Amino acid sequence: MKKFNYSIKKIALFFIAAITLASCVDEFTIGDSHLQKPPGVDITIDTVFNNADFAQRFLWNAYSTLFYGMPWEWSTRGRAMNMGNFEAMTDNWQSYLSWDYNNRNIYPGKYGATEESMDSKYHYSLEGSWSGIRKAYLFLENIGRTPGIDDATKKRLKAEAKMIIACHYSDMYRHFGGLPLVRSSYNPYDVPNIDRSTAKETLKFIVDICDDAAKDLPWALSVDERATWDGRFTAAAAKGLKIRMLLFGASPLFNDTEPYYTETASESNTGFYTWYGGKDESMWQDVVDACSEFFAINELDATGGYRLAMDGDDYRLRFRTAYFERGNPEMLISTRVEYSHSYDEAFNYFIGPSAVPVLEYLDLFPKADGTPFDNSVWNDSVIDPYVDPWANRDPRLYETCIVNGMPYQDRTAETWIGGRERGIAMDWSSYFTGAGTYKFGLDKKLASGKPAHWPYLRLAEIYLSFAEALNETGKTEEAFYWIDEVRKRVNLQGLKDSYPNVVWTKERFREEVLNERSREFGRELVRWFDQVRWKRAGDFKKRLHGLRIERMKDANGNIVAGKYKHFKFTLSKRYWQDGDNGENFFSPKWYLSAFPITETYKDYKLPQNPGW
Amino acid sequence: MKATSIISKALLGLSLCFCFEAMEAKDVVGFVKNKYGEPVAGAIVRSENNATKITFTNKDGMFTLGIENGERIQIESVDYSKITVTPTDVNNIVLDKTTYAVQMGNGLIQSKKESTASVGLITSDDIMKSSSMLLGNALYGRGLGLTTLQNPGFPWGDNPSVFVRGRNTITTNSPLVLVDGIERPLNSVVREEVETITIIKDAPTLALYGMRGSNGVILITTKEGIFNGSQIDVSYDHGFITAKEMPEMVDGPTYAKAVNEAQTLDGASMLRFNDAELKAFENGQFPNYYPNVNWLDQIFGNKAYQNIYNITMRGGGQKVRYATVVNLQNYTGMIKPTNTLEGKSSQLMSSKLNVRTNLDINLSKTTNFKIKVLGSLLEYNRSGTSETDFIPLAYNTPAIAMPINTSTGEWGGSDTWKKNPVAEVAARGYGKSNARTLYADWTLKQDMNKLLKGLSAEARFAFDSYAQYWEQVSQTYRYERNTMKFDLAATKPDSLAVLPNSYVATIFGQNSIPTYSTQVSSQWRRLNAFGKINYNRIFENSKLDANLILQHDQYVQTGQHQTYNRQSIAAYLHYGIKDRYFVDGSFTMSGSNRLQPGHKFGYLPAIGASWIVSDENFMKSIEAVDYLKIRASHGLTGSDYVTEVNLWEQTFGTGGSYYFGQDISKSVSGLAEQRTATELLKPEISTKSNVAMELRMLKGLELTVDLFYEKNSNILVSSEGGISSIIGVGNAYENAGIVSNKGIELSLSYDKKVGDFYYNAGANFTFYKNKIINRNEEFRQYDYLKRTGRPVGQIFGYQAIGFFADQTDIDNSPTQMFSNVMPGDIKFKNQNGDEVINSYDQVALGYNTDCPEIYYSFFVNVEYKGFGLDAMFQGVGNYTSYLNTNSIFWGMRNSYYNISQHLYDNRWTPENQNSLYPRLTTLENANNYNTNTVWLADASYLKLRNCEIYYRYKLNKYGITGIKTFVRGTDLLAFNKFNVVDLETYSKSNSGAYPNSSSINVGMTVSF
């Protein structure tokens, strides 16, 4: 036994010696303590929400998920429809970007649930709405325990988080209809099977969040907050978003005597996910009430509230201020992804070929005094006697489109064949229809390096929504005021003066409101939803046109300065537009997006939208 | 720790039964022979229980040893045999492959006959038939069950890919590589240090490696000292290395024409080169402006050299044994432009010095101490531009890009191809790396016979460290860009007219002074502790080898979360009855810090059994059968692979910023959730079953057949496929993946010795087939798109059905949704019958590009009176390569890449519609350049890996005992299914590669 003890001692000594040699600084551990997690920094939810600064930074990050209507980088969200945009799906604009989603999928009619990808117009999950909603709920659920923030501030921050949820739902609602209503963040192992809710419930859910958030938000940012914090949600933003949703909800897409799509049976119809089950005219009154409430509060607000940007005498500049400038007096919701646009990258596609104005859109812009433009001039290629058709028009035309002969880059724009803008290319040009995009990009120099934002919701939309809802509730006379106010900004006469011979029926007025929205919100992604919510199949089906502009030559073949010939031509057919002999290809299924097919096969009830 | 107490109780119980023994000494005389009946001289003979009772066989194979009654005799010979016999069986002891002593790791050494395990064996003799500088490259075709695949490379880039029994999981399939029982990189030791390599493949032995065992183990054992004598081998090996099969690229005039052709087919209205310019390329009249340079020839010579100097000293006596290896290797590469800067060249060079000393010391009669130390110094040298940057340039820069030097002596430059490949190598300085390795482990073994007969204890500590340091001297160079214009009006077919004053030479960049920089590029250290209590007894009719094993391992790399801690406790029991029936039981509790708290440990039981049928009486009468064994095993092994560390934690970090404010360019930075927690993170478990037969007959024919089935479950896979998107976050994992793998391993050999004539031939063949049973796959529109049910790594892509002949063909075919197609673009098969070709038209194509399903080799060795020939062929089958190497296969695209002659000769043109490849294009062309059958090739090959002629000469003069000289060829012959370029070189990366090579080595070993 003695010998054994000696051996044991020797072994023990050896162990100790070896340990001492091998591990000088770190403690030598065995058992569970040896299997501790490896050294390194771990930021957990407690790290974030035990610190006032970190917790608020979590909310600022949630803001970054908000929808931005322009491409800005080659990322899933930043490249949108493969650098395209859904403005070019409307009857106002056409894309000439050969590889964008419009030209690859939408125009050829190849879209379907299986084609839902990161390039779709609004992807159910890749667009990041659910991610933004999760961030907001994580914030709502955890901010309560954060030290160093007073309760009033917490309330306000929470209301902002709620608005992030409302914004994402408002976007998805207009693309998909009824949605699963998420009321908290989830653990990945415990995701409840939240089924799709009806269109009506979803609408109520969004409106309720807006009302709830408005309670804890200031109506407008205080003067001293604006410079640093412009872009944060206000109560006006919440009430404004509510109006946008109520108007969409009251429109006939869902609110009608029959579902918008009846070609085949659809669970989406029978489950009321994309139809309310009937027509409820009182929903228009809800819009009117919400607008009245909005303007009542706005009137009384101590900061002066929001107003249309009408400063100065330069009408174009007034309009530019309204959509372009951060922190302008009518900006209700402004979203951001960068400080300023970089013109050599993604943004160039936005102001370039991804949406080119069509002739029908250009013709919508009246003359400078507000009287309508006579588009019969295009019946003949030669205007005789010659009057420049591009002169003396609604200032918003020049601010929205680059048209021939308008001042551009310290010269005049040349959108004629061979001109500096149009070039000679026979297809795929940013000026293919004879005009290009000015809005947001301006003449490139003017906007370069300027702070950029997306005008997600501005006061002019509330004005025009109010006008539309008043008209629908039979108060057309009251409605003129709200549309005329918007026209006044760019020095147009009121509607009645501009159209002296028109009898203003409800339908005629509705047309004019929708046209006014097209003029006011070109490239601001309003027209698509107007076409959809009013089920304007005719606008989908009609063929669109462009102009080939050529310089006029005299009998000797010499160019006549300042005069042009205009050749009206028909643009290539989109799948859903009528055939040359009037064949119908359109189906109302195009009004809403399809859910990605992989999502509909998951373990919860998400009935596919009708027709897909 | 429950396992500990059970085992100790069992040991105690056993000890009570067998602790009375009578002692009585007597002399035993015995004879040891090899399988050819020749006496084995110099074998160690000792008492099983008392290592100090030791003797050696004489030249007649005879020994005399005094032992006590009941003691067994252990015989060990230099050919790795180890056998224990009873004193009654000593008259005819035969050492052959069944007595082979197999290193099983964890201090377990078993004779092949007794083992129930499925192992592949590689001996020092095998790997010394290669002259490779890296140990891994000596393993092609060796070791049944090991798949070794060559990678392209320069001296430090051509580590082979290794797999044990193919692929059995979606995650990682890297086998665990151990040097002397401790995890160490395969190529840190050199061939000369290695005694044996064991490929461990089945459950009972793998389970002991706990959370590291699932992918198989490659166990390298280094040389130890020898008893009673000394041996010194001095050797020198010189290699003449020749680059092989460099692809040929088109010359300047052809490239220029090809650009115009591509643009024409793209529908461009203006062509890049006018007729005068094409002419200028053709006649080479203006080399400054219209150059024609073969860049591959300028960058790569076709000769390289290697030298290996080695001294191995082994010897010792009863107290101390030693083995020392001093090995110096150096390599000089085949880069042509090798300007020197401050005495340093920009050639690719490496030099490695390994010094190993293994000591084996008997501290007392019952205490043994071993210490093994390896110090290694490794240097690399290259140009200032790293090889990963300049090698692609050599392939991708077309002949017309720029002259090497302009007429004024400046480096040539270009707008499109900004980098001059020659200047990048010759004028950018140099880089040099120094790597230092120290491996040290020491083992103390205590015999405790006094306490309990057969009991011993062992403890081992290892401390390894490695650091690599780069120093770099960098320079920039200036270059000249020359342009000129032809007067097209005045140019006639036979004379080129140049526009006056159109020559323009512009200088860009500057020749900078050299700047020096340095960095530690990688470092790691490891602490390993190992303890074992062993109870080993032979009884009347049975024997027991019981082990209690403790492992503790810490591996620390640079960077946070890079510390891996693992530990395990295991019991390993080996029990034999009548030397015919053997059972193994292995019971392991293994834990890892990479797994979730509460789930850090996994229990891995495994059993094995074998039956030596040929020793049964009923088989004795069958003369032809010398040996027949049937064995089987079944059990669990584990893997602690995780995609990220601390996966069970929800983590947060910096997220996207937001741009508040009216006109402030500063954003407020955001914090965001980065990952949700993965719950119930468990180790990946592999259930492995193996049945096998080993047969020896006709005194030389040997056959081994192994059949196995393994099923890996708990594989970490994303849970996203099934979870509703409303969760709003990705990246959660589940232990839900399942992959099965089955296969057959065959080994057949025959050897015979007739007088002075000896020959030996054999073959190995393995076939593995795996299948994904579950991987939480997302919903797929069509069954043929499903990855589940297919092998791991199955290629999916489009089936090409030719090329579009013309516009009518395009109009009449389904629309292909990748990019606008033109005649000459690839036409794909419509798989689902709809109107378009999109991602739903992908199907499974070929096999995979990582690991072939079939791997085989065969060898022959003939020797007569010291003259010998040895050759080994190795091949693979069911293997696919992706031909996406830029310039060689994917040429011209984006007006940037070069084109190979092969591509040019086989391109589609309106005149050659039956081509191998589509038309040339200067655009991106997503239609042609995706995964499709045009770009897939059968990568099967058969290669003559080694072939040598040698001469062994025994003498006894000047202290020299023997000389061996040899001439050896490596990779001299290859038979490839796709024989345009060597796919082992050019399919592993898409950017060209340092050429693979053949080599002729001459060498000599002198033994003292």
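To be clear, the structure that these remarks concern was listed above.
The model shown is predicted, which means the values in this text are computed figures rather than measured ones.

Reading guide: rules and limits
Residues numbered from 1 in each chain as written. Chains lettered and ligands numbered in written order. Predicted model: local features only at pLDDT ≥ 70, side-chain atom pairs only at ≥ 80, totals over all residues. Heavy atoms only, no water. Helix = DSSP H or I, 4+ residues; strand = E, 2+ residues; numbered from the N terminus. Rg over C-alpha atoms; globule rule 2.2 N^0.38 Å. Buried < 20%, exposed > 50% of the residue type's maximum accessible area, 1.4 Å probe, protein only. Contact = heavy atoms within 4.5 Å. Polar contact = N/O pair within 3.5 Å; in protein donor to acceptor, adjacent residues only side chain to side chain. Axes fitted to C-alpha atoms, helices over the stretch in contact; angles between N-to-C directions. Parallel < 35°, antiparallel > 145°, perpendicular 65-115°, else oblique. Left-handed = near helix turned anticlockwise from the far one by under 90°. Nonpolar A, V, L, I, M, F, W, Y, C, P; charged D, E, K, R; others polar. Pairing = 2+ DSSP bridges. Salt bridge = Lys/Arg side-chain N within 4 Å of Asp/Glu carboxyl O. 1 Å grid on protein atoms, 1.4 Å probe; cavity = no way out; pocket = protein on both sides within 12 Å on 5 of 7 lines; lining within 4 Å. Points joined across faces, edges and corners; volume = space filled by probe spheres on them. Core = buried A, V, L, I, M, F, W, Y, C linked by side-chain atoms within 4.5 Å.

Undergrad: I tried to follow the overall build of chain B on my own but got confused; where do I start?
TA: Assigned secondary structure in chain B consists of 13 helices and 53 strands. In terms of overall dimensions, chain B is globule-like: its C-alpha atoms have a radius of gyration of 33 Å, near the 30 Å expected for 1008 residues. Along the first, second and third principal axes, the C-alpha set of chain B runs to 115 × 75 × 60 Å. Evaluated residue by residue, chain B yields a buried proportion of 59% over its 1008 residues. Sequence-distant contacts, at least 24 apart, represent 69% of the contacts inside chain B between residues at least 6 apart.

Undergrad: Help me out: how do you make sense of the side chain of arginine 489 of chain A in this one?
TA: All names here are of chain A. Note on placement: arginine 489 falls in helix 17 (residues 476-489). Judged by its relative accessible area of 0%, arginine 489 falls in the buried class. Separated by 3.1 Å, the side chains of arginine 489 and glutamate 520 make a polar contact.

Undergrad: What is the right way to look at the packing of helix 6 (residues 151-176) of chain A against helix 7 (residues 199-215) of chain A in this model?
TA: Relative placement of two packed helices is described by the angle separating their axes and the distance separating the axes. All names here are of chain A. For the pair helix 6 and helix 7, interaxial distance at closest approach is 9 Å and the crossing angle is 150 degrees. By the criterion of interaxial angle, the relationship of helix 6 to helix 7 is roughly antiparallel. Of the two elements, helix 6 crosses helix 7, and the hand of that crossing is left-handed. For the pair formed by helix 6 and helix 7, the contact residues are Ala159, Lys162, Met163, Ile165, Ala166, Tyr169, Ser170 and Tyr173 on the first element and Ala199, Thr202, Leu203, Phe205, Ile206, Ile209, Cys210, Asp212 and Ala213 on the second. Taken together, the residues of the contact of helix 6 with helix 7 sort by class into 13 nonpolar, two polar and two charged.

Undergrad: Can you walk me through the sheet that holds strand 6 (residues 82-85) of chain B in this structure?
TA: Residue and element names in this part refer to chain B. As summarised here, the arrangement of the four strands in space is 3-2-5-6, forming an open sheet in which the pairing is antiparallel. The open sheet has two edge strands with one neighbour each: strand 3 (54-56) and strand 6. Between one strand and the next, the sheet's axes are offset by a mean angle of 20 degrees, whatever the strand orientation. Relative to strand 5 (residues 73-76), strand 2 (residues 44-47) runs antiparallel, the two sharing four bridges. Bridging from a neighbouring strand, isoleucine 44 pairs with glutamate 76 of strand 5.

Undergrad: I tried to follow the sheet that holds strand 27 (residues 479-483) of chain B on my own but got confused; where do I start?
TA: Sheet strands pair via backbone hydrogen bonds, and the direction of the pair is either parallel or antiparallel. Pairing in this open sheet of three strands is mixed, and the strands run 24-27-28 (chain B) from one edge to the other. Only two strands of the sheet have a single partner each, and these edge strands are strand 24 (411-412) and strand 28 (504-508) of chain B.

Undergrad: Which parts of the structure should I look at to understand the interface of chain B and chain A?
TA: Interface size, as often reported, equals the accessible area lost upon joining of the parts. With 80 residues of chain B in contact, the opposing surface of chain A contributes 83 residues. Linking chain B to chain A there are one salt bridge. Of the charged contacts in the structure, one is a salt bridge between glutamate 673 of chain B and arginine 134 of chain A, with a shortest N-O distance of 2.7 Å. Applying the counting rule to chain B against chain A returns 22 residue pairs in polar contact (both at pLDDT 80 or more). Along the lines of polarity and charge, the residues of the side of chain B that touches chain A split into 33 nonpolar, 36 polar and 11 charged.

Undergrad: How do you make sense of empty space enclosed by the protein when you look at a structure like this?
TA: Any empty space left between the atoms is revealed when a probe the size of a water molecule rolls over them. All names here are of chain B. Throughout the structure, instances matching the rule amount to 14 cavities of 30 Å³ or more. Estimates place the volume of the largest cavity at around 240 Å³. Forming the boundary of the largest cavity are 20 residues, of which Tyr209, Arg212, Asn528, Gln551 and Asp553 lie nearest the centre. When its residues are assigned to classes, the lining of the largest cavity shows six nonpolar, nine polar and five charged.

Undergrad: Please explain unusual backbone geometry as it appears in this structure.
TA: Note: most peptide bonds trans; most residues except glycine with negative phi. With an omega of 0 degrees, the peptide bond running from aspartate 384 of chain A to proline 385 of chain A counts as cis. Phi is positive for histidine 561 of chain B, close to 60 degrees, though the residue is something other than glycine. Residue placement: histidine 561 of chain B occurs in the loop between strand 30 (542-557) and strand 31 (563-577). By relative accessible area, which is 11% here, histidine 561 of chain B ends up buried.

Undergrad: Looking at this structure, how should I read the nonpolar core?
TA: Proteins that are soluble and globular tend to have nonpolar side chains buried together. Membership of the largest hydrophobic core comes to 197 residues, with the highest contact counts inside it found for Tyr169 and Phe233 of chain A. Dropping the residues within four chain positions of it, phenylalanine 233 of chain A is found in contact with Tyr63, Leu66, Glu160, Met163, Ile164, Cys167, Leu217 and Ile333 of chain A.

Undergrad: Teacher, can you tell me more about the pattern of salt bridges here?
TA: Side chains that differ in charge, positive against negative, can pair when their charged atoms come close. All names here are of chain B. Under the defined criterion, the tally for this structure stands at 106 salt bridges over all chains. Salt-bridge contacts for aspartate 706 lead to arginine 631; the nearest nitrogen and oxygen are separated by 3.2 Å. Residue aspartate 706 is found in strand 38 (residues 701-718), and its partner arginine 631 is found in strand 34 (residues 625-639); the two are separated by 75 residues along the sequence.

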